[in-house]
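Here is what each chain is made of, one letter per residue.
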2 protein chains.
Amino acid sequence: MQQLKYSRQRESIKNFLMTRKDHPTADVVYTNVRKEYPNISLGTVYRNLSLLSQRGEIMKISTGDGPDRFDGNPLPHYHFICKRCGSVIDLEMDDIDQIDKIANANFGGVVEGHVAYFYGRCEDCK
Amino acid sequence: MQQLKYSRQRESIKNFLMTRKDHPTADVVYTNVRKEYPNISLGTVYRNLSLLSQRGEIMKISTGDGPDRFDGNPLPHYHFICKRCGSVIDLEMDDIDQIDKIANANFGGVVEGHVAYFYGRCEDCK
DNA sequence: TCAGTAATAGCAATGATTACTGTTTTATAA
DNA sequence: TTATAAAACAGTAATCATTGCTATTACTGA
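Residues numbered from 1 in each chain as written. Chains lettered and ligands numbered in written order. Predicted model: local features only at pLDDT ≥ 70, side-chain atom pairs only at ≥ 80, totals over all residues. Heavy atoms only, no water.

1. As for the domain arrangement of chain A
By a widespread convention, an interface's size corresponds to the accessible area lost as its parts come together. All names here are of chain A. The assigned domain composition of chain A is domain 1 (1-72) and domain 2 (76-126). Taking only C-alpha atoms, the centre of domain 1 and the centre of domain 2 are 23 Å apart. Counting residues at the interface gives 9 residues for domain 1, matched by 9 residues for domain 2. Taken together, the two surfaces of domain 1 and domain 2 that pack against each other cover about 640 Å², and 58% of this comes from carbon and sulfur. Together, H23, M59 and T63 form the three largest contributors to the area buried by domain 1 at its contact with domain 2, with a combined 55%. On the surface where domain 1 and domain 2 come into contact, there are 0 salt bridges. One can count 6 residue pairs in polar contact (both at pLDDT 80 or more) joining domain 1 with domain 2. Its residues assigned to classes, the side of domain 1 that touches domain 2 comprises 2 nonpolar, 3 polar and 4 charged. (Domains from an automatic or database assignment. Contact = heavy atoms within 4.5 Å. Buried area = accessible area lost by both parts, 1.4 Å probe. Salt bridge = Lys/Arg side-chain N within 4 Å of Asp/Glu carboxyl O. Polar contact = N/O pair within 3.5 Å; in protein donor to acceptor, adjacent residues only side chain to side chain. Nonpolar A, V, L, I, M, F, W, Y, C, P; charged D, E, K, R; others polar.)

2. Side note on the protein's contact with DNA strand D
Taken together, 19 residues surround DNA strand D, and among them R8(A), Y46(A), S7(B), T44(B) and R47(B) come closest. Restricting attention to atoms of DNA strand D within 4 Å of the protein, one finds that 83% of them are sugar or phosphate atoms. For the surface near DNA strand D, the per-class residue count stands at 6 nonpolar, 7 polar and 6 charged. (Near = heavy atom within 4 Å.)

3. Side note on the sheet that holds strand 5 (residues 110-121) of chain B
Read from one edge to the other, the open sheet built from 6 strands follows the order 4(A)-3(A)-5(A)-5(B)-3(B)-4(B), with strand pairing classed as mixed. Every interior strand has two partners, whereas the edge strands, strand 4 (88-91) of chain A together with strand 4 (88-91) of chain B, have only one. Taken pair by pair, the neighbouring strands of this sheet meet at an average axis angle of 30°, ignoring direction. As judged from the 4 bridges shared by strand 3 (residues 78-82) of chain B and strand 5 of chain B, these two strands associate in the parallel manner. Bridge pairing links F80(B) to F118(B) in strand 5 of chain B. (Pairing = 2+ DSSP bridges. Helix = DSSP H or I, 4+ residues; strand = E, 2+ residues; numbered from the N terminus. Axes fitted to C-alpha atoms, helices over the stretch in contact; angles between N-to-C directions.)

4. Some words on helix 3 (residues 42-54) of chain A
Residues and elements named next belong to chain A. End to end, helix 3 covers 18 Å across 13 residues, agreeing with the expected 18 Å (1.5 Å per residue, within 8%). Among all positions in helix 3, only T44, V45, N48, L49 and L52 are buried. For helix 3, the angular spread of buried residues about the axis comes to 130°, placing them on one side. Where the residues of helix 3 are buried, they touch helix 1 (8-18), helix 2 (26-33) and strand 2 (69-71). (Expected span 1.5 Å × (residues − 1). Buried < 20%, exposed > 50% of the residue type's maximum accessible area, 1.4 Å probe, protein only. Arc of directions from axis to C-beta.)

5. Section: the packing of aromatic side chains
Scanning the entire structure with this criterion turns up 4 aromatic pairs over all chains. With centroids separated by 4.4 Å and ring planes inclined at 45°, the aromatic side chains of F80(A) and F107(B) adopt a geometry described as tilted. Pair noted here: F80(A) is in strand 3 (residues 78-82) and F107(B) is in the loop between helix 4 (98-104) and strand 5, and the two residues belong to different chains. For the pair shown, F80(A) and F107(B) are each scored as buried. Ring centres of Y78(B) and F118(B) lie 6.2 Å apart, and the angle between their planes is 80°; this geometry places the pair in the edge-to-face category. Linking Y78(B) in strand 3 with F118(B) in strand 5, this pair joins segments that are 40 residues apart in sequence. By relative accessible area, Y78(B) is classed as buried at 13%. (Phe/Tyr/Trp six-rings, centres within 6.5 Å; stacked < 30°, edge-to-face > 60°.)

Shown next, in the form of structure tokens:
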């Protein structure tokens, strides 16, 4: 992985993400960063979101339903998705890393990690 | 949910899926079912895969990387995705349903379930 | 200040999936 | 059986998210 050259656009994208707790999509990032950089292109947004998540500076959330979302907080944590309103919420929970060992127990390969999200009804929708 | 009217195409799709352990994509289902029904359309394949997974007769696997895959075995189980070769493998592991309780502990809403997959290197790639 | 290279804007193209429409199949029941 | 209504279909167009391309611009180190 080569080193990145600074860009104002990338900085603005990252700054925007850090102000938000609602895990916006690429398109939401685009419309908001345009307030500061009206000429930024959607391609630039996608490329930088990709770069940043590859480098572990942000987190990409793929729910398998609708577009990907992004989280400015790169520290390990889990997400909850409301089945009714679709909102994506950070969970504060004890770690569940033991599930990797459970998965590895009868497996021929090597389990290195997992992706998990929880679903149900959020506080407003229950 | 209304009742379904029988269709030969849907039966063929389900039968094909049950013969496979490799979790094929919609496109793979399409090219294979065409051997029996040369005029089947890709739309029909998508509609029926959707119907069958809504009804819990098959399982849809969204990895967030590449197209969705489908599993003819609807019984609860987990999947492993190889980071090197991309293959998706069934895991035989103890259940980890306790993670729903852990996630619910400090949460204002209601956790009803989870989606999880494991990744790493498969037996051939490790 | 300048040269080299990475990043950008603008736009075209792709890939997966869904929507539409006229025709065919299935289920029901006279 | 045949008639009828509803569901499913084939074929195709459209959509949505995302990636690729190319000429231009912006960083960076000398």
